[in-house]
Amino acid sequence: MPKSSAPDAVALEVFRHLFTALAEEMGAALKRASFSPNIKERQDYSCALFNPAGTAVSLGDHMPVHLGAMGESVRTVLKSRGPTLRPGDMIALNNPFNGGTHLPDVTVIAPVFDRDGTTIRFFVANRGHHADIGGLTPGSTPPDARTLEEEGVVIDDFLVLSGGDFPEQALRDLLLGAPWPARNPDANISDLRAQIAANRAGAADMLDMMERYGWEGVKSYAGHVLDNAEESVRRVIDRISDGQMEIRMDDGLPLKVSIRVDREARSATIDFTGTGPQRPGNFNAPPVVCRSAVLYAFRCLVRDELPLNEGCMRPLELVIPDGSFLSP
């Protein structure tokens, strides 16, 4: 399929389903191979496809709070390792300051190279909630934590697969070397192996798709899918008005949000100015969680069928005050 400057409606629908199916098949593979009941039975996981810039093209219908955040994790890996990545590499992280949500949610990211192994064409990634990643209490969600390390093992830019080799001892050292180590590293390792398998399944599907339709065609329609999501959200903006709301959290601090619509630009600003300050404890959320909530809310307002992706965010500007409990 040749590169297309204007999408064909039928081809756009075909690729929408192809990209969505890839993420869903990754999820099915992760569920089958996983060890933890959190992933296998509670299905607390998410899988996604990203373009070479780390922009989410298709996010499976999994956990909304994961989906708007994973792109930041992929872009973190691109910044730190982009030129050094090679076929067979995968990176694990859970750091909330690099696109993570909370520490039990571990993301595994894999570049998808062309058949020659020279050029990154896409990324696939998945995020799974591990039953325990250490910390003050089992389950790694202690209510009284005041530092990140008290919630568990912080994983940041860890090469969980290096040229196809799994560094199990280094991983065990990481899981057991924190001030409050993981309680069952065997379980963590089993789930990480399942996450690796899910990424391999997604990468294989992506390679098959590029062989069938050609790199230029797949690249072109990945862009069209993002453009279509953008236009779909602009149509939502066309029918909404300015508004604002304030609620009080359990500790009395305000959560404020206002929406300002620019009719001419068909864009909107979602402004959380006035939200209360960060807490000394753990009742805070990283900005990517706020972004995920906004992305999901606007996607739910779209009347058309389309894969959840970061094209939905193009017409939206977020204002999240630094030092608030939405950006601690």
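Residues numbered from 1 in each chain as written. Predicted model: local features only at pLDDT ≥ 70, side-chain atom pairs only at ≥ 80, totals over all residues. Heavy atoms only, no water.

*Asks:* Is there a simple way to explain the pattern of salt bridges in this structure?
*Replies:* A pair can form between side chains of opposite charge whenever their charged atoms are brought close. Enumeration according to the criterion identifies 24 salt bridges in this entry. Put simply, Arg42 and Asp44 hold a salt bridge, and the shortest N to O gap is 3.0 Å. The salt bridge partner of Arg172 is Glu168, with a shortest N-O separation of 3.1 Å. Linking Arg172 with Glu168, this pair stays in helix H5 (residues 168-176), spanning 4 residues, or about one helical turn. Here Arg172 falls in the partly exposed class, since its relative accessible area comes to 22%. Looking at Glu168, the relative accessible area reads 29%, which means it is partly exposed. Linked through salt bridges whose partners overlap, the residues forming this network are Glu231, Arg235, Asp238, Arg266 and Asp304. (Salt bridge = Lys/Arg side-chain N within 4 Å of Asp/Glu carboxyl O. Helix = DSSP H or I, 4+ residues; strand = E, 2+ residues; numbered from the N terminus. Buried < 20%, exposed > 50% of the residue type's maximum accessible area, 1.4 Å probe, protein only.)

*Asks:* Explanation requested: the state of the cysteines in the structure shown.
*Replies:* The bond known as a disulfide is covalent and runs between the sulfur atoms of two cysteines. This structure, assessed with the given rule, holds 0 disulfides. Cysteine Cys290 is unpaired, with the sulfur of Cys300 as its nearest cysteine sulfur at 15 Å. Judged by relative accessible area, which is 6%, Cys290 ranks as buried. Here Cys300 stays free of any disulfide, with the sulfur of Cys312 as its closest cysteine sulfur at 10 Å. (Disulfide = S-S within 2.5 Å.)

*Asks:* What should I look at first to understand the nonpolar core in this one?
*Replies:* Inside soluble globular proteins, nonpolar side chains tend to come together where they are buried. Counting 48 residues, the largest nonpolar core has Phe19, Phe122, Val160, Met206 and Val218 as the members making the most contacts within it. Counting 39 residues, the second-largest nonpolar core is a separate cluster that includes Val233, Val236, Phe298 and Leu316. (Core = buried A, V, L, I, M, F, W, Y, C linked by side-chain atoms within 4.5 Å.)

*Asks:* Explain the sheet that holds strand S5 (residues 120-129) to me, please; I cannot follow it from the model alone.
*Replies:* Neighbouring strands of a sheet are bound in pairs by backbone hydrogen bonds; such pairs are parallel or else antiparallel. Pairing is antiparallel in the open sheet, where 6 strands are placed in the order S2-S1-S5-S4-S3-S6. In the strand order of this sheet, the two ends are held by strand S2 (56-59) and strand S6 (158-161), each with one partner. In this sheet, adjacent strand axes meet at a mean angle of 25° when their direction is disregarded. With 3 bridges connecting them, strand S3 (residues 90-93) and S6 associate as antiparallel partners. Following the sheet pairing, Met90 is matched in S6 by Leu161. Of the strands in this sheet, strand S1 (45-50), S3, strand S4 (105-113), S5 and S6 touch helix H6 (residues 185-213), which is tilted by about 30° from S4. (Pairing = 2+ DSSP bridges. Axes fitted to C-alpha atoms, helices over the stretch in contact; angles between N-to-C directions. Contact = heavy atoms within 4.5 Å.)

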